[in-house]
Amino acid sequence: MTATLQPPAPAIGPMGSGACAMLVVLSVLWGGSFFFVELAVRELPTLTIVLLRVSLAASVLWAAVAVLGRPLPRDASVWLAFLVMGLLNNVVPFGLIVWGQQTIGSGLASILNATTPLFTMAVAALFLADERLVRRKAVGMALGLGGVVAVIGPGALAGLQDNVLAQIACLGGALSYAVAGVFGRRFGRLGVDPVVVAAGQVTGATLILGPAALIVDRPWTLAAPSATTVAAIVGLAVLSTALAYILYFRLLGIAGATNLLLVTFLIPVSAITLGVTLLGESLGAMQIAGLALIGTGLAVIDGRLGGLLRRKAIR
């Protein structure tokens, strides 16, 4: 593979207010998926949960495509790309991260997942002409990752010396998300509607996961789930998958792969904000410092902080 994956394009600069707002909403939707999964795993096995998630999301998204009258691609290569995107953005990372979390804590898994923007920055620099590696982004990524560690708690790093294979699996999931973010840029170049891309991706994931779930979980032998579990699956599919991926592919086209996957820094922020506002939880000094680091890192990556400092220096 060479650096000709994407043709030269104008450099992607700072995100506008609309893109920033969508990024925050996406972080809340994906952050909520951890809550929904926590409810669902009490009664359903992993592959069945993931299959229900992507298949129900596919049904919702194709209904949206029909209602909105979005045109379908006629090129067979686009449909093949949907299958690849489903593999890279759903099947591989979901499988690796869930397998890894069987032996490592969710805090450490979250920190490892937050390396996604670092992988994205490296992969995008190799294959995308408009997302070159610059020192500013590297510094911002380091600050953001440090903020995630502080928010979740440095104690989560205590298990780094154990379960190395599980940690590698979580890192592999982060790398797969990064490759998917870069690969998915082609849909914007091809002019495929974000709703259609989202529907095509989860359909590809459904086709791949379906046989595996049927063989491994034998879902027809499971007891009927409770109303709580059904509601969790619906929330996971409709909110954290269908709606989230519409925003994902919309943002991918206007903000770029590196900017988009900064959402993994924001997911812990969303989780903490929800805990404070809805559950009455309190923030500790370490978490406040972590939130400040994440905000600073995002500002450095976006480029606005440097521009503001230069303007003040000139004055």
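Heads up: the structure comes first, above all this text.
For the structure given in this document, a descriptive report is provided here. Per chain, residues are indexed from 1 in the order of the written sequence. It should be noted that, the model being predicted, local features are given only for residues of pLDDT at least 70 and side-chain atom pairs only at 80 or more, the latter also being counted only at that level, while totals for whole chains, interfaces and linings use all residues. Only heavy atoms go into the side-chain values, all of them from the structure, while hydrogens and water stay out.

Details of the overall build of the protein chain
Within the protein chain, the regular secondary structure consists of 14 helices and zero strands. Shown N-terminal to C-terminal, the secondary structure of the protein chain runs as helices and strands in the order α-α-α-α-α-α-α-α-α-α-α-α-α-α. Note on classification: 1.4 Å probe, protein chains only; a residue is buried when its accessible area is under 20% of the maximum for its type, exposed when over 50%, partly exposed between these limits. The burial tally for the protein chain puts 46% of its 315 residues in the buried class. Sequence separation of at least 24 residues holds for 89% of the intrachain contacts in the protein chain that already meet a minimum separation of 6. Per element, the accessible surface of the protein chain, about 14900 Å² overall, is 69% carbon and sulfur. Secondary structure elements follow DSSP: runs of H or I of four or more residues count as helices, runs of E of two or more count as strands, with numbering from the N terminus. Residues count as neighbours in contact if any of their non-hydrogen atoms are within 4.5 Å of one another. Here the Shrake-Rupley method, with its probe set to 1.4 Å, supplies the accessible areas, and only the displayed protein chains count as covering residues.

Let's talk about helix α2 (residues 46-68)
To estimate the expected span of a helix, subtract one from its residue number and multiply by 1.5 Å. Between its first and last C-alpha, α2 extends 33 Å over 23 residues, near the 33 Å set by a 1.5 Å rise per residue. The complete set of buried residues in α2 reads Thr 48, Ile 49, Val 50, Leu 51, Arg 53, Val 54, Ala 57, Ala 58, Leu 61 and Val 65. Downstream of α2 by a residue or two, Gly 69 has a phi angle that is positive, lying close to 70°.

Observations concerning the nonpolar core
Judged by nonpolar contacts, the single largest core of 46 residues is most densely connected at Leu 26, Trp 30, Phe 187, Tyr 245, Tyr 248 and Phe 249. Taken together, the elements giving at least two residues each to this core come down to α1 (17-40), α2, α3 (76-100), α7 (164-183), α9 (194-216), α10 (227-255) and α12 (263-279). Beyond its immediate stretch of four places on either side in the chain, Phe 249 contacts Met 85, Phe 187, Pro 194, Val 197, Ala 198 and Gln 201. Counting eight residues, the second-largest nonpolar core is a separate cluster that includes Phe 36, Leu 44, Ala 232 and Ile 233. The nonpolar core is taken to be a set of buried Ala, Val, Leu, Ile, Met, Phe, Trp, Tyr and Cys residues, with the residues joined through side-chain atoms within 4.5 Å.

Quick notes on the packing of α3 against α7
For helices, the axis comes from a line fit to the C-alpha atoms of the stretch in contact; other axes are also lines fit to C-alpha atoms, and the angle between any two N-to-C directions lies between 0 and 180 degrees. Look at α3 against α7: their axes get within 8 Å of each other, and the N-to-C directions meet at 160°. Between α3 and α7, the interaxial angle falls into the category roughly antiparallel. Where α3 crosses over α7, the handedness of that crossing is left-handed. Contact with α3, carried on its side by Ala 81, Val 84, Met 85, Leu 88, Asn 89, Val 92, Pro 93, Phe 94, Leu 96, Ile 97, Trp 99 and Gly 100, involves Leu 165, Ala 166, Ala 169, Cys 170, Gly 172, Gly 173, Ser 176, Tyr 177, Val 179, Ala 180 and Phe 183 of α7 and no other residues of that element. Residue polarity is assigned by list, with Asp, Glu, Lys and Arg as charged and Ala, Val, Leu, Ile, Met, Phe, Trp, Tyr, Cys and Pro as nonpolar; anything else, Gly included, falls into the polar class. A breakdown of the residues in the contact of α3 with α7 according to their chemical character gives 18 nonpolar, five polar and no charged. An angle below 35 degrees is treated as roughly parallel, one above 145 as roughly antiparallel, one from 65 to 115 as roughly perpendicular, and anything else as oblique. Rotating anticlockwise by less than a right angle from the far helix to the near helix defines a left-handed crossing, while the corresponding clockwise rotation defines a right-handed one.

A word on the pattern of salt bridges
A carboxyl oxygen of Asp or Glu within 4 Å of a side-chain nitrogen of Lys or Arg is what we treat as a salt bridge. One pass over the structure, following the stated rule, counts one salt bridge. With its nearest N and O atoms 2.8 Å apart, the salt bridge here joins Arg 70 to Asp 193. Separated by 123 residues along the polypeptide, Arg 70 in the loop between α2 and α3 and Asp 193 in the loop between α8 (185-189) and α9 bring together distant segments of the chain.

Read these as spatial facts, not as claims about activity.
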